[in-house]
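Listed below, chain by chain, are the residues.
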Amino acid sequence: MGEFELIRHFFAAAPCAQGGDGVALGIGDDCALLELPAGEQLAVSTDTLVAGVHFPAVCDPSLLGQRSLAVAASDLAAMGATAIGFTLALTLPEVSADWLQAYAQGLQRMAHRCRMSLIGGDTTRGPLSITVTVFGRVPAGQALRRDGARPGDLLCVGGNLGNAAGALPLVLGERQAPVEQAQALLAQYWSPMPQLTLGQLLRGQATAALDVSDGLLADCGHIARASGVALEVNQHQVPVSTELEAFLGRDAAVHAALTGGDDYVLAFTIPAAQHQALQLPGFIHVHVIGRVLDGQGVTLRDRQGRDITPTQRGYQHFRETP
Ligand SMILES: Nc1ncnc2c1ncn2[C@@H]1O[C@H](COP(=O)(O)OP(=O)(O)O)[C@@H](O)[C@H]1O
Ligand SMILES: Cc1ncc(C[n+]2csc(CCOP(=O)(O)OP(=O)(O)O)c2C)c(N)n1
Ligand SMILES: [Mg+2]
């Protein structure tokens, strides 16, 4: 099977590639064409997933399909954007119809859940890597940026943290866990659900937001720096699932939640009054985990208010010391 047959068969024919809201022209020409309603801005973000770095080289391709779109779409959620579509740049060592079929199925599942159209891409031969670029729309001036946090705001997260980091030894086949624990942790690693609804509800409410990918403390550092404020995180308020705590024990579970990354849960700052007035659907659980202060940097505090900030705060490519 050649490049063009592969594209046609596995991607252009997928239900998610048949167009949708905001897509004037999809797969097949030199560019896709997107349509934006008047008064809206285009939100764009790209993420690359590399075998052996972001996912194990040997894994279920349908799970990889889900994950590769989910982690990219999460950036749209973090901006409060509504998803429109995505491009897929796929580098494959070889063509396996079974692999591609399963990958495209997983991709389709996540595209359906996020209501996104596949609008184009690129297919090349080489070591397995996947780049997804996502496009969304947001009312002009209302995107949730990282630079608006103000002293006095509360710091919140949109759900439990640490499950995906806790799943890593299971994903790598280094450990086993009882089935209920394994299911909860693996679901968050393989199929994090981009918090698009939460992001949209936070427009005009949150003062800053991002999605936690590198680790809570590391990513809070991005808000602190961009906003020119200090962030204080109360360790005992950081939400961890019962499954993660049962699997790792309390201390390691909290450590995973603070620094593990791969969460794709929103972290945001919001004035207290706005937080109280938030009307959220039942499936979204927002937790207050700290506050914004004058100053700079991120401080982690224990129940007694002592500074227990760890030196390593999250994942970084090219870090010199592990
Ligand atoms: N090679 C690059 N060239 C230009 N901009 C980049 C490059 N790599 C990352 N960025 C930008 O740097 C910022 C931080 O990137 P990253 O930490 O990957 O964000 P995220 O966690 O939201 O994916 C983003 O605005 C991203 O677009
Ligand atoms: C097999 C495997 N090993 C390790 C990890 C952990 N990991 C790899 S990259 C990363 C951080 C997120 O990746 P990055 O490329 O920084 O994403 P972005 O912040 O751009 O969304 C983490 C936690 C993983 N996801 N899978
Ligand atoms: Mg990125």
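Residues numbered from 1 in each chain as written. Chains lettered and ligands numbered in written order. Predicted model: local features only at pLDDT ≥ 70, side-chain atom pairs only at ≥ 80, totals over all residues.

The protein chain carries the name Thiamine-monophosphate kinase in an unreviewed UniProt entry, which gives Pseudomonas machongensis as its organism. Recorded in UniProt under Function (unreviewed entry), the annotation for the protein chain is "Catalyzes the ATP-dependent phosphorylation of thiamine-monophosphate (TMP) to form thiamine-pyrophosphate (TPP), the active form of vitamin B1." A UniProt comment under Pathway (unreviewed entry) is attached to the protein chain, and it reads "Cofactor biosynthesis; thiamine diphosphate biosynthesis; thiamine diphosphate from thiamine phosphate: step 1/1." (UniProt positions renumbered as here; feature names shortened; annotations may be inferred.)

Undergrad: Explain the overall build of the protein chain residue by residue, including any values.
TA: When helices and strands are counted, the protein chain shows 10 helices and 12 strands. Over its C-alpha atoms the protein chain spans a radius of gyration of 20 Å, differing by no more than 12% from the 20 Å that the globule rule assigns to 322 residues. Overall, the C-alpha framework of the protein chain stretches about 65 × 50 × 40 Å when taken along its three principal axes. Counting all 322 residues of the protein chain, 46% fall into the buried class. (Helix = DSSP H or I, 4+ residues; strand = E, 2+ residues; numbered from the N terminus. Rg over C-alpha atoms; globule rule 2.2 N^0.38 Å. Buried ≥ 20, exposed ≤ 12 C-beta atoms within 10 Å, placed from the backbone.)

Undergrad: Got a sec to walk through the site of ligand 2? Specific residues and values, please.
TA: Around ligand 2, the neighbouring residues are Asp 47, Val 53, His 54, Phe 55, Pro 56, Val 71, Leu 168, Ser 213, Asp 214, Gly 261, Asp 262 and Tyr 315. When its residues are assigned to classes, the shell around ligand 2 shows 6 nonpolar, 3 polar and 3 charged. Both domains that meet at the shell around ligand 2, namely domain 1 (3–139) and domain 2 (154–301), each give it at least three residues. (Near = placed C-beta within 6 Å. Nonpolar A, V, L, I, M, F, W, Y, C, P; charged D, E, K, R; others polar. Domains from an automatic or database assignment.)

Undergrad: Give me the lowdown on the nonpolar core, citing residues and values where you can.
TA: Of all hydrophobic cores here, the largest spans 94 residues; its most connected members are Ala 73, Phe 86, Ala 209 and Phe 268. When residues in this core are grouped by element, the largest group, 10 residues, is from helix α2 (residues 61–78). Of the domains in this structure, domain 1 (3–139) and domain 2 (154–301) are the two that each give at least three residues to this core. Other than its neighbours up to four places away in sequence, Ala 73 contacts Ala 83, Cys 114, Met 116, Val 134 and Pro 194. (Core = buried A, V, L, I, M, F, W, Y, C linked by C-beta atoms within 7 Å. Contact = placed C-beta atoms within 7 Å.)

Undergrad: So what's going on with the domain arrangement of the protein chain? Which residues, and what values?
TA: Domain parsing of the protein chain yields domain 1 (3–139) and domain 2 (154–301). For domain 1 versus domain 2, the separation of C-alpha centres amounts to 25 Å. With 18 residues of domain 1 in contact, the opposing surface of domain 2 contributes 20 residues. Taken together, the elements giving at least two residues each to the side of domain 1 that touches domain 2 come down to α2 and β4 (82–92). Looking at which element gives the most residues to the side of domain 1 that touches domain 2, the answer is α2, with 11 residues. Looking at side-chain class alone, the side of domain 1 that touches domain 2 contains 12 nonpolar, 4 polar and 2 charged residues.

Undergrad: Pulling in residues and values, what's your account of the UniProt feature "binding site: Mg(2+) 3" (unreviewed entry) in the protein chain?
TA: The sites that carry the UniProt feature "binding site: Mg(2+) 3" (unreviewed entry) are, in the present numbering, Asp 30, Asp 75 and Asp 211. Taken together, the annotated residues stretch across 182 residues and extend over separate regions, lying up to 31.7 Å apart by C-alpha. Positionally, Asp 30 belongs in the loop between β1 (23–25) and β2 (33–34). Classification of Asp 30 by C-beta neighbours within 10 Å gives exposed; the count is 6. With respect to the element layout, Asp 75 can be found in helix α2. Leaving out residues up to four positions away in the same chain, Asp 75 has contacts with Ser 45, Val 134 and Asp 211.

Undergrad: I'd like a rundown of helix α9 (residues 250–259), residues and numbers included.
TA: Among the 10 residues in α9, 7 count as buried, and that is most of the element. Restricting attention to buried positions, one finds in α9 the residues Ala 253, Val 254, His 255, Ala 256, Ala 257, Leu 258 and Thr 259. Where α9 is buried, its residues contact α4 (163–171), α7 (216–227), α8 (242–248) and β12 (297–301).

Undergrad: So, the sheet that holds β12: which residues are in play, and what are the values?
TA: Taken in spatial order, the 6 strands of this open sheet run β8-β10-β7-β11-β9-β12, and their pairing is mixed. Looking along the sheet, the strands with just one partner apiece sit at the ends: β8 (208–211) and β12. Pairs of neighbouring strands in the sheet enclose a mean axial angle of 25 degrees, with direction left out of account. Relative to β12, strand β9 (residues 230–234) runs parallel, the two being bridged by 5 bridges. In the strand pairing of β12, Glu 232 is matched with Thr 299. (Pairing = 2+ DSSP bridges. Axes fitted to C-alpha atoms, helices over the stretch in contact; angles between N-to-C directions.)

Undergrad: Provide a residue-level description of the UniProt feature "binding site: Mg(2+) 2" (unreviewed entry) in the protein chain, including the pertinent values.
TA: Within this structure's numbering, the places UniProt gives as "binding site: Mg(2+) 2" (unreviewed entry) are Asp 47 and Asp 75. In summary, the annotated positions, though distributed over 29 residues, converge in three dimensions, the widest C-alpha pair being only 9.2 Å. Topologically, Asp 47 is positioned in strand β3 (residues 40–50). Once residues within four sequence positions are removed from consideration, Asp 47 is found in contact with Val 71, Ala 72 and Val 132. Take Asp 75: there are 23 C-beta atoms within 10 Å of it, and that puts it in the buried class.

Undergrad: Now, about the environment of Glu 245: what can you tell me, with residues and values included?
TA: In this fold, Glu 245 is placed in helix α8. For the pair Glu 245 and Asn 163, spaced 82 residues apart in sequence, the C-alpha to C-alpha distance is 9.4 Å. When residues no more than four places from it in sequence are discounted, the contact partners of Glu 245 are Val 240, Arg 250 and Ala 253.

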